[in-house]
Amino acid sequence: MAETPSADRLLAIIELQNAIAAAALNADEVMRVVAERAALLTAAAAATVELVEGDDVVCRAASGATQHLGQRKSSKHGLTGRSLGERKPARSDDGAQVAVPLMHGEYAVGTLAVASPKSGAFSGEDIETLRLLANIIAIPLHRTRSFPRPRSRTAVARSPPVSSARSSRSPS
């Protein structure tokens with residue numbers, strides 16, 4: 001069962017959302033700011049945002065791990081691969097790393113990850129905090145990146161049938 005973040009963490013996340021909305025940041029700036037806030041809120045030594053590109057993931061934002069910027073690696077292996085494949089948070093065996101998927105509908109399109117030199121550094125509250133921060137990144141990504149569109153049953157249900165669109169009847 002996920003631990004609910006403390007009131008202070010929730011307030012910090014809300015303030016971050018408001019600041020991002022007010023500043024009209026682009027997706028790259030949002031990823032950078034969220035990586036910085038993820039490291040701060042979870043007391044991580046480093047935080048990264050990696051996006052899926054083909055069969056790889058590419059580090060697009062980092063805090064405390066700027067040497068990873070632009071780094072490309074397989075999206076099938078390691079903690080990132082596990083988080084993407086399972087579409088849920090993944091924690092390393094020693095608890096020193098956590099990766100949370102960035103979701104676009106039903107698709108995992110990247111990860112928000114944190115790392116610490118200490119084993120067992122991340123709690124359930126930290127994982128839930130990262131999950132909430134990942135949702136903040138997802139919003140501008142939806143607007144600016146091209147990802148597969150999830151199928152929506154409501155969109156299909158709302159579409160007029162093809163036959164009615166061609167109907168020659170006039171309204172009464």
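Residues numbered from 1 in each chain as written. Predicted model: local features only at pLDDT ≥ 70, side-chain atom pairs only at ≥ 80, totals over all residues. Heavy atoms only, no water.

A. Highlighting the overall build of the protein. Per the secondary structure count, the protein includes six helices and six strands. Mapped from its N terminus to its C terminus, the protein presents α and β elements in the order α-α-β-β-β-α-β-β-β-α-α-α. The proportion of buried residues among the 172 residues of the protein is 41%. Sequence separation of 24 or more characterises 52% of the internal contacts of the protein that already satisfy a separation of 6 or more. On the protein, roughly 10,100 Å² of surface is accessible, and the fraction owed to carbon and sulfur atoms is 50%. (Helix = DSSP H or I, 4+ residues; strand = E, 2+ residues; numbered from the N terminus. Buried < 20%, exposed > 50% of the residue type's maximum accessible area, 1.4 Å probe, protein only. Contact = heavy atoms within 4.5 Å. Areas by Shrake-Rupley, 256 points an atom, 1.4 Å probe, with all protein chains shown as cover.)

B. A look at helix H2 (residues 27-42). Taking 1.5 Å of rise per residue, the 16 residues of H2 would be expected to cover 22 Å, and the 22 Å separating its terminal C-alpha atoms lies within 8% of that figure. For H2, the complete set of buried residues consists of Ala27, Val30, Met31, Val33, Val34, Ala35, Ala38, Ala39, Leu41 and Thr42. Backbone nitrogen of aspartate 28 and a side-chain oxygen of the N-cap are separated by 3.0 Å at the start of H2; the cap is asparagine 26. Alanine 43 occupies a position one or two residues after H2 and carries a positive phi of about 55°. (Expected span 1.5 Å × (residues − 1). Polar contact = N/O pair within 3.5 Å; in protein donor to acceptor, adjacent residues only side chain to side chain.)

C. Structural detail: the layout of surface pockets. For the largest pocket, the calculated volume is near 250 Å³. Every residue lining the largest pocket is counted, 16 residues in all, and those nearest its centre are Thr48, Lys73, Gln97, Ala113 and Ala115. Looking at the lining of the largest pocket, the elements with two or more residues in it are strand E1 (46-53), helix H3 (78-86), strand E5 (97-104) and strand E6 (107-115). Of the residues forming the lining of the largest pocket, the biggest block, four residues, is contributed by E1. Tallied by class, the residues present in the lining of the largest pocket amount to nine nonpolar, five polar and two charged. (1 Å grid on protein atoms, 1.4 Å probe; cavity = no way out; pocket = protein on both sides within 12 Å on 5 of 7 lines; lining within 4 Å. Points joined across faces, edges and corners; volume = space filled by probe spheres on them. Nonpolar A, V, L, I, M, F, W, Y, C, P; charged D, E, K, R; others polar.)

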